[in-house]
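Here is how the chains run, residue by residue.
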Amino acid sequence: MPARSQLTLLRIKGIRIGVDYSWFLVLFLVIFWLSGFYRDVLGVDDSALEPYLLAVASALAFFASILLHELGHAVVATRLGIPITDITLWLFGGVARMSRDTDSPGAEFKVAVAGPVVTAAIALACAAVGIAIAGADEFWTAMRVIEDPEISGVVALLAWLASINLLVLVFNLIPAFPLDGGRIARAIAWRVTGDRNRATRLAAMLGQGFSYLFIAVGLLWLVSGDLIGGIWLALIGFILAQSARGYVRRSEFSSRIEGISVADVMDADPVAISESTSVERAIDEYFLRYRWPWFPVVDATDRFRGLLVREAADAVPEPTRSQQTVGEVFELDASGTLRVRADAPLETLLGNDALRRLGGLAAVDADGRLRGVVTADRVGRALRDAVGGPPAPSS
Ligand SMILES: [Zn+2]
């Protein structure tokens, strides 16, 4: 998956949109290859400027298509209560990173299918506009890259964009986990077996099978003379194989911790600060006493509201600390990333970003009341116990 070397482009509703540096290679190749493509379709020679402009416009439109695909996943996941931390575009497309795994086969299916639906809609829209401008015959000619003086640059661009999105659609629907098609397969297996881990293992094994197929076909292309296509496919196969293997390992691990819930490992007697407490009291009676970097903040009915970190309290000027309340300076958990349901399986905490960043999370009940605090230490200990390590002393 994408390396850490990436550039943040923009933020959309709190989601960081970044590009991996490998993406610039794609951009360069696409522009280079497409200039030739447009010269062929339009029947012009090397000196014409139009093919280059069309190539740059196409590359940007392709970029936007992939981004919209990932935003499709992101919008549905967010609606289902699974915040997306970032979207990264890289060598082989895009990745929308969810802050946690889905919790039902239905949710898994909806999130997985959202991206391909967006891609299909883009392809159809391009075809519809292209046909409206040039007529069906003309558009079809452009789709087949046949040189024709009648074809305008815009129609050629729409035809290419429709084709590339169709290709992205088909590729993503291959049932090779973690591709979208593989996630759909996982959702179906999950619904049928009722077992998330078995479904993940099945889908990941299917993904491994496809990845070996990709590598084999890629090598076949390579020896038969298609250098670029062969290397590309084999590389995709190699990357798929790696991530599928990772998921197989993870699901084996997950099945060992089945039946353990967040409530089993949390500190069920957490120290929390009320919103109405003054900052002065928060510092004196909590931070100086317990020396923790943060505390959960609750309202009058014990509902979890967010966190107060030491730095935020310290940042309040001393003379005003007795007048300001914790409610004015704490970090509100608006997106729900700082909490986890106490009855959720322990597994949902694996790969949780907020847990890694803060070292702990608030555990809440169905009404959002604070029930405990779960720390990375406690989770780590529970995991070590589950995989049969030496019993750790409990605190
Ligand atoms: Zn997708």
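Model, not experiment: these values are computed from the prediction.

Calculation notes
- Residues numbered from 1 in each chain as written.
- Predicted model: local features only at pLDDT ≥ 70, side-chain atom pairs only at ≥ 80, totals over all residues.
- Heavy atoms only, no water.
- Donors = N, O, S within 2.8 Å, 3.2 Å for Na, K, Ca; no water.
- Tetrahedral: all angles 85-135°; square planar, octahedral: opposite > 155°, others 65-115°.
- Helix = DSSP H or I, 4+ residues; strand = E, 2+ residues; numbered from the N terminus.
- Buried < 20%, exposed > 50% of the residue type's maximum accessible area, 1.4 Å probe, protein only.
- 1 Å grid on protein atoms, 1.4 Å probe; cavity = no way out; pocket = protein on both sides within 12 Å on 5 of 7 lines; lining within 4 Å.
- Points joined across faces, edges and corners; volume = space filled by probe spheres on them.
- Nonpolar A, V, L, I, M, F, W, Y, C, P; charged D, E, K, R; others polar.
- Domains from an automatic or database assignment.
- Pairing = 2+ DSSP bridges.
- Axes fitted to C-alpha atoms, helices over the stretch in contact; angles between N-to-C directions.
- Contact = heavy atoms within 4.5 Å.
- Parallel < 35°, antiparallel > 145°, perpendicular 65-115°, else oblique.
- Left-handed = near helix turned anticlockwise from the far one by under 90°.
- pLDDT = per-residue confidence, 0-100.
- Buried area = accessible area lost by both parts, 1.4 Å probe.
- Salt bridge = Lys/Arg side-chain N within 4 Å of Asp/Glu carboxyl O.
- Polar contact = N/O pair within 3.5 Å; in protein donor to acceptor, adjacent residues only side chain to side chain.
- Phe/Tyr/Trp six-rings, centres within 6.5 Å; stacked < 30°, edge-to-face > 60°.

Draft legend 1. Region of the structure containing the coordination of the zinc ion. Binding of the zinc ion to the protein goes through His 69 (NE2), His 73 (NE2), Asp 180 (OD) and Asp 180 (OD), at separations of 2.0 to 2.6 Å. The site at the zinc ion holds four donor atoms, and with the angles between them running 54 to 149°, its shape is irregular. Taken in sequence order, the residues that donate to the zinc ion follow the motif H-x3-H-x106-D. In this pair, His 69 sits in helix 2 (residues 50–79) while Asp 180 sits in helix 6 (residues 180–193), placing the two residues 111 residues apart along the sequence. Summarising the burial analysis for this pair, His 69 and Asp 180 share the class buried.

Draft legend 2. Quick look at the layout of surface pockets. The calculated volume of the second largest pocket comes to roughly 960 Å³. For the lining of the second largest pocket, the secondary-structure elements that each account for two or more residues are helix 2, strand 3 (84–90), strand 8 (331–332), strand 9 (339–341) and helix 13 (353–358). Here the residues of the lining of the second largest pocket sort into 16 nonpolar, eleven polar and 14 charged. Composition of the lining of the second largest pocket by domain shows at least three residues from each of domain 1 (6–173) and domain 3 (262–386).

Draft legend 3. Seen up close, the sheet that holds strand 9. If you walk across this open sheet you meet the three strands as 9-10-11, and the pairing is mixed. What marks the edges here is a single partner per strand, and that holds for strand 9 and strand 11 (370–375). Strand after strand, the sheet turns through a mean of 35° between neighbouring axes, direction not considered. In this fold helix 14 (residues 376–386) packs onto strand 10 (360–364) and strand 11, with an angle of close to 70° to the strand it touches most, strand 11.

Draft legend 4. Region of the structure containing the packing of helix 3 (residues 105–134) against helix 6. Where helix 3 contacts helix 6, the axes come no closer than 8 Å and their chain directions differ by 160°. With respect to helix 6, the axis of helix 3 lies roughly antiparallel. Relative to helix 6, helix 3 is oriented so that their crossing is left-handed. Contacts between helix 3 and helix 6 pair Pro 105, Gly 106, Glu 108, Phe 109, Ala 112, Val 113 and Pro 116 from the former with Asp 180, Arg 183, Ile 184, Arg 186, Ala 187, Trp 190 and Arg 191 from the latter. Per-class residue counts for the contact of helix 3 with helix 6 are eight nonpolar, one polar and five charged.

Draft legend 5. Geometry of the confidence of the model for the protein chain. Across the protein chain, pLDDT averages 85, with 95% of residues at or above 70. Put simply, strand 1 (residues 6–12) is where the protein chain has its lowest mean pLDDT, 78, and helix 3 is where it has its highest, 93. For residues 390–395, every residue scores under 50 in pLDDT, and the model assigns this stretch seven contacts once sequence neighbours within four places are set aside.

Draft legend 6. Highlighting the domain arrangement of the protein chain. Each assigned domain of the protein chain is listed here: domain 1 (6–173), domain 2 (194–256) and domain 3 (262–386). The straight-line distance from the C-alpha centre of domain 1 to that of domain 2 is 23 Å. Across the boundary between the two partners, domain 1 contributes seven residues, which contact six residues of domain 2. Taking both partners together, domain 1 and domain 2 bury about 620 Å²; carbon and sulfur atoms supply 78% of that area. Remark: the boundary between domain 1 and domain 2 carries zero salt bridges. On the surface where domain 1 and domain 2 come into contact, there are one residue pair in polar contact (both at pLDDT 80 or more). Of the residues in the side of domain 1 that touches domain 2, the class split is four nonpolar, one polar and two charged.

Draft legend 7. Examining the environment of Ala 354 more closely. Assignment of secondary structure puts Ala 354 in helix 13. Take Ala 354: its relative accessible area is 5%, and that puts it in the buried class. Measuring from C-alpha to C-alpha, the distance between Ala 354 and Arg 186 comes to 26 Å, with 168 residues separating the pair along the chain. For Ala 354, the residues in contact, after removing those within four places along its chain, are Thr 337, Leu 338, Gly 359, Gly 360 and Leu 361.

Draft legend 8. Spotlight on the pattern of salt bridges. All told, the structure shown has twelve salt bridges when counted by the stated rule. The partner of Asp 86 in a salt bridge is Arg 97, with the nearest N and O atoms 2.8 Å apart. Here Asp 86 is found in strand 3, whereas its partner Arg 97 is found in strand 4 (residues 93–98), with eleven residues between them in sequence. Judged by its relative accessible area of 38%, Arg 97 falls in the partly exposed class. Of the charged contacts, one joins Asp 367 and Arg 369 as a salt bridge, the two residues approaching to 3.3 Å between their closest N and O atoms. By relative accessible area, which is 24% here, Arg 369 ends up partly exposed. Linked through salt bridges whose partners overlap, the residues forming this network are Asp 86, Arg 97, Asp 353 and Arg 356.

Draft legend 9. The arrangement of the pairing of strand 3 in detail. In terms of burial, strand 3 is largely enclosed, as six of its seven residues are buried. As paired strands, strand 2 (residues 15–20) and strand 3 are joined by four bridges and run parallel to one another. Opposite Arg 16, over in strand 3, you have Asp 86 as the bridge partner. When strand 3 meets strand 4, the two strands line up antiparallel, connected through six bridges. Looking at the pairing, Trp 90 lines up with Gly 93 of strand 4.

Draft legend 10. View of the packing of aromatic side chains. Per the counting criterion, the structure on display carries twelve aromatic pairs. Between Tyr 286 and Phe 295, the ring centres sit 5.5 Å apart and the planes meet at 75°, which makes this aromatic pair edge-to-face. The pair formed by Tyr 286 and Phe 295 is uniform in burial state, with each residue classed as buried.

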